[in-house]
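The chain contents come next:
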Amino acid sequence: MKKRFYITTPIYYPSAKLHIGHAYCTVLTDIFARYKRLRGFECYFLTGADEHGQKIEKNAALAGKTPQEFVDGIVEGFYKLWDLLKISNNDFIRTTQTRHTEVVQKIFSKMLEQGDIYLSKYKGWYCTPCESFWTDTQVGPDHICPDCGRPVQVAEEEAYFFKTQNYVDSLMKFYDENPKFLTPESRKNEMINTFIKPGLDDLCVSRTSFSWGIPILENPKHVIYVWLDALTNYITALGYGSGNESLFKKFWEDDETEIIHILGADITRFHAIYWPMFLESLGLRKPDREFVHGLLMMKDSKMSKSKGNVVDPFPLVEKYGVDALRYYLAREVTFGQDGSFTPELFVERINMDLANSLGNLLNRTVSMINKYFGGEIPQYLGKKTAFDGELESLIDLSIKRYESFMDDLKITEGITAVMDIVARANKYIDETTPWALAKDEDKKEELASVMNHLARAIFVSGMLLKPVLVNASDLLFAQLGINLEKVSYDDIFNPSFLDRKVVNKGEQLFPRLDNEVEIAYIASLMNGNK
RNA sequence: CGCGGAGUAGAGCAGUGGUAGCUCAUCAGGCUCAUAACCUGAAAGUCGGAGUGUUCAAAUCCUCCCUCCGCAACCA
């Protein structure tokens, strides 16, 4: 196990507002980062914005702004959303920042000098009115501009290319030697069969047809084109090539750091093929893992602006709280597979897991401790009832399962391991029938043991869910009388940790939602975006 | 033959070789500490179809077919 982690999301493109799909990727990455920190590891978490390119240039012109003004406005929205979702990123990189642009220029120069980049001609379908190049697949069989629908012509422009042939063999070797590099594994097969085996083209890394990009020093009519600019954010953010490389040394070069990129399927190719090549060209280490997450569908069809089913996370969080949304994203959608967001699933998941199971368990337990023990959690007395041992073993087992799932980025499975504890605790109440024990003075010890065990089950669950439920876990601790300053992960292993703590019955952690009303409300939010 | 994913109980999903699972919904029962909650039990699937394919053993591997979805144009 490495002792330090560097984890990243892709940098998102600020051509429009972010939606729940971006939130999904960022929240899951955040959960992992928080999990690692909770376990006591150092974890540096980076996200950001990829701000160059023709589309930004065009959208800015349409909005009557300079490109920089335009992206500044959009990125403001990024900050707000990540703030709202309690994203714990350590840094936010913008590709328009000089700490990035200057280094990208140096990177380009180095590659050019080494002969990994050469000047040639980019040939493609060109739409004169749109001033845009398109690929074969983009123009389709009729050779029509996908933007304006008019016919396109074959055109050429001077461009720089990255020589992939220099690194193909070494990439294949890297795949072989690092089976966990790209997961899920089907993604790796896709890369090899679809892109590498048929023969990899060199990658175009500059453009002259627009100017909103990082100029190439050696030839300033060119700007650096998308991927060489975008992917390198992962190292420029750490100060690579700058005056101060301390972060870079610590979180990239040190072998004790595990480097993890989280990304979506549509950009797998660039992360899995070109990024390792760029790094090798620079003589740098490659990431340990690239984890490809699935897409969030809106009930059978992909979320898209034209279909009017884009979900805006803001009103959702405003109404249901950040924890509800974070929990839904992490639990409902198996990380690594496609999943869906629907109002029905959302309301059901929150009600069943958070309100009925966890929230209600806390509520009933605190009530009983108040009623039977004047609010003081009884001391741990060992295994006093026939069911104590079973509950304790289930807790121990669930902690182990949780840890091993989470370490392997199986976040959805990690959460279900915690919910096993909650379910078992609810059952334990029925098994031990505390209300019956309370009527018999001789059973006082058993009753005390039941309360202690219940409190511990809730405490452990709350701790394990802390990376997900960033607010509710603290509220849960507070109800159990835990001093938030004096609690740490390792306390879950101490059965006596809760002895004599005084509970505080507070608000319901997750009030039950009215199905019909809330489903209709969320549906109206989605339609409102049409 | 473009690439990829999916097809498992009424709905939504998990499950990659070893007696078919989870959540919800349904029905019956229990309990009363609790947020009409919680607990127990039942009914419900020939795991898309085909193959006298591989194997001691297949939802899981192989071959073929069918259907749906995503990518290929806004969009993680």
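With that settled, the discussion passes to the pattern of salt bridges. Tallied over the entire structure, the rule returns 31 salt bridges. In this structure, the salt-bridge partner of Arg 4 is Asp 254, at a minimum N-O distance of 3.0 Å. With a gap of 250 residues between them, Arg 4 in strand E1 (residues 4-12) and Asp 254 in the loop between helix H10 (246-253) and strand E12 (257-264) connect regions that are remote in the sequence. Glu 376 is the salt-bridge partner of Arg 500, the closest N and O atoms lying 3.3 Å from each other. Here the residue Arg 500 occupies a position in the loop between helix H19 (472-479) and helix H20 (515-527), and Glu 376 occupies one in the loop between helix H14 (343-373) and helix H15 (388-407), the gap between them amounting to 124 residues. Take Glu 376: its relative accessible area is 32%, and that puts it in the partly exposed class.

With that settled, consider the environment of Leu 475. As for its position among the elements, Leu 475 is in helix H19. For Leu 475, a relative accessible area of 49% gives the class partly exposed.

For the rest of this paragraph, the subject is H19. Among all positions in H19, only Ala 472, Ser 473, Leu 476, Phe 477 and Gln 479 are buried. For H19, the angular spread of buried residues about the axis comes to 160 degrees, placing them on one side. The inward-facing, buried residues of H19 contact helix H13 (322-332), H14 and helix H18 (444-464). Following H19 by one or two positions, Gly 481 adopts a phi angle in the positive range, close to 75 degrees.

Next up on the list: the domain arrangement of chain A. Each assigned domain of chain A is listed here: domain 1 (4-310) and domain 2 (342-493). With centres defined by C-alpha atoms, the gap from domain 1 to domain 2 works out at 43 Å. Note on domain 1 versus domain 2: buried area summed over both sides is about 1,500 Å², and carbon and sulfur give 70% of it. Joining domain 1 to domain 2, the criterion identifies 4 salt bridges. Taking the shortest distance from any N to any O, the salt bridge between Lys 36 and Asp 407 comes out at 2.7 Å. Joining domain 1 to domain 2, the criterion identifies 5 residue pairs in polar contact (both at pLDDT 80 or more).

Strand order across the open sheet formed by 3 strands is E9-E11-E10, with antiparallel pairing between neighbours. A strand with exactly one partner marks an edge of an open sheet, and here the two such strands are strand E9 (206-207) and strand E10 (214-215). With 2 bridges joining them, E9 and strand E11 (residues 223-224) adopt antiparallel strand pairing. Directly across from Ser 206, in E11, lies its bridge partner Ile 224.

Evaluated as defined, the whole model comprises 32 aromatic pairs. Geometrically, the ring pair formed by Tyr 6 and Trp 252 is edge-to-face, given 5.9 Å between the ring centres and 70 degrees between the ring planes. You can see Tyr 6 sitting in strand E1 and its partner Trp 252 sitting in helix H10, a full 246 residues away along the chain. Classification of Tyr 6 by relative accessible area gives buried; the value is 0%. Seen in terms of ring centroids, Phe 108 and Tyr 160 are 5.3 Å apart; in terms of plane orientation they differ by 85 degrees. Their pairing is edge-to-face. Of this pair, Phe 108 sits in helix H4 (residues 98-114) while Tyr 160 sits in strand E6 (residues 153-162), and the two are 52 residues apart along the sequence. Across the pair, exposure class does not vary: Phe 108 and Tyr 160 are buried alike. Clustering of aromatic rings is evident, with ring pairs tying together Tyr 6, Tyr 44, Tyr 234, Tyr 240, Phe 248, Phe 251, Trp 252 and Trp 275.

With that out of the way, let us pick up the side chain of His 293. Looking at the secondary structure, you find His 293 in strand E13 (residues 289-293). For His 293, a relative accessible area of 7% translates into the label buried. With residues near it in sequence (within four places) discarded, His 293 still touches Tyr 24, Cys 25, Ile 262, Leu 263, Gly 264, Ala 265, Phe 335 and Gly 336.

With 112 residues, the main nonpolar core has Leu 85, Phe 346 and Phe 459 as its most contacted residues. Per-domain counts for this core show at least three residues from each of domain 1 (4-310) and domain 2 (342-493). Beyond its immediate stretch of four places on either side in the chain, Phe 459 contacts Leu 476, Phe 477, Leu 480, Ile 482, Val 487, Asp 491, Ile 492, Phe 497 and Leu 498. Residues Phe 181, Leu 228, Ala 237 and Leu 263 belong to the second largest nonpolar core, which totals 55 residues.

Below, the discussion takes up the pairing of E13. Along any regular strand the residues' side chains alternate between the sheet's two faces. In terms of burial, E13 is a largely internal element, 5 of the 5 residues being buried. Burial of E13 is two-sided: the residues Arg 289, Phe 291 and His 293 facing one way and the residues Glu 290 and Val 292 facing the other way are all buried. As defined by bridge partners, strand E7 (residues 182-183) adjoins E13 across 2 bridges and the pair is classed as parallel. By the bridge assignment, Leu 182 is partnered in E13 with Glu 290. Across 5 bridges, E12 lies against E13 in parallel orientation. Looking across to E13, one finds that Ile 260 is bridged to Arg 289.

Sheet architecture is open: 6 strands sit in the order E3-E2-E1-E12-E13-E7, paired in parallel fashion. Each having just a single partner strand, strand E3 (91-94) and E7 make up the two edges of the open sheet. Where helix H1 (residues 20-38) meets the sheet, it contacts E1, strand E2 (42-49), E12 and E13, and its direction lies at approximately 170 degrees from that of E1.

In this section: the side chain of Asn 219. Within the element layout of this structure, Asn 219 appears in the loop between E10 and E11. Owing to a relative accessible area of 16%, Asn 219 belongs among the buried residues under this scheme. At 3.1 Å, the side chain of Asn 219 forms a polar contact with the side chain of Tyr 160. If sequence neighbours within four positions are ignored, Asn 219 has contacts with Leu 119, Glu 158 and Tyr 160.

Rules used in this analysis
Residues numbered from 1 in each chain as written. Chains lettered and ligands numbered in written order. Predicted model: local features only at pLDDT ≥ 70, side-chain atom pairs only at ≥ 80, totals over all residues. Heavy atoms only, no water. Salt bridge = Lys/Arg side-chain N within 4 Å of Asp/Glu carboxyl O. Helix = DSSP H or I, 4+ residues; strand = E, 2+ residues; numbered from the N terminus. Buried < 20%, exposed > 50% of the residue type's maximum accessible area, 1.4 Å probe, protein only. Arc of directions from axis to C-beta. Contact = heavy atoms within 4.5 Å. Domains from an automatic or database assignment. Buried area = accessible area lost by both parts, 1.4 Å probe. Polar contact = N/O pair within 3.5 Å; in protein donor to acceptor, adjacent residues only side chain to side chain. Pairing = 2+ DSSP bridges. Phe/Tyr/Trp six-rings, centres within 6.5 Å; stacked < 30°, edge-to-face > 60°. Core = buried A, V, L, I, M, F, W, Y, C linked by side-chain atoms within 4.5 Å. Axes fitted to C-alpha atoms, helices over the stretch in contact; angles between N-to-C directions.

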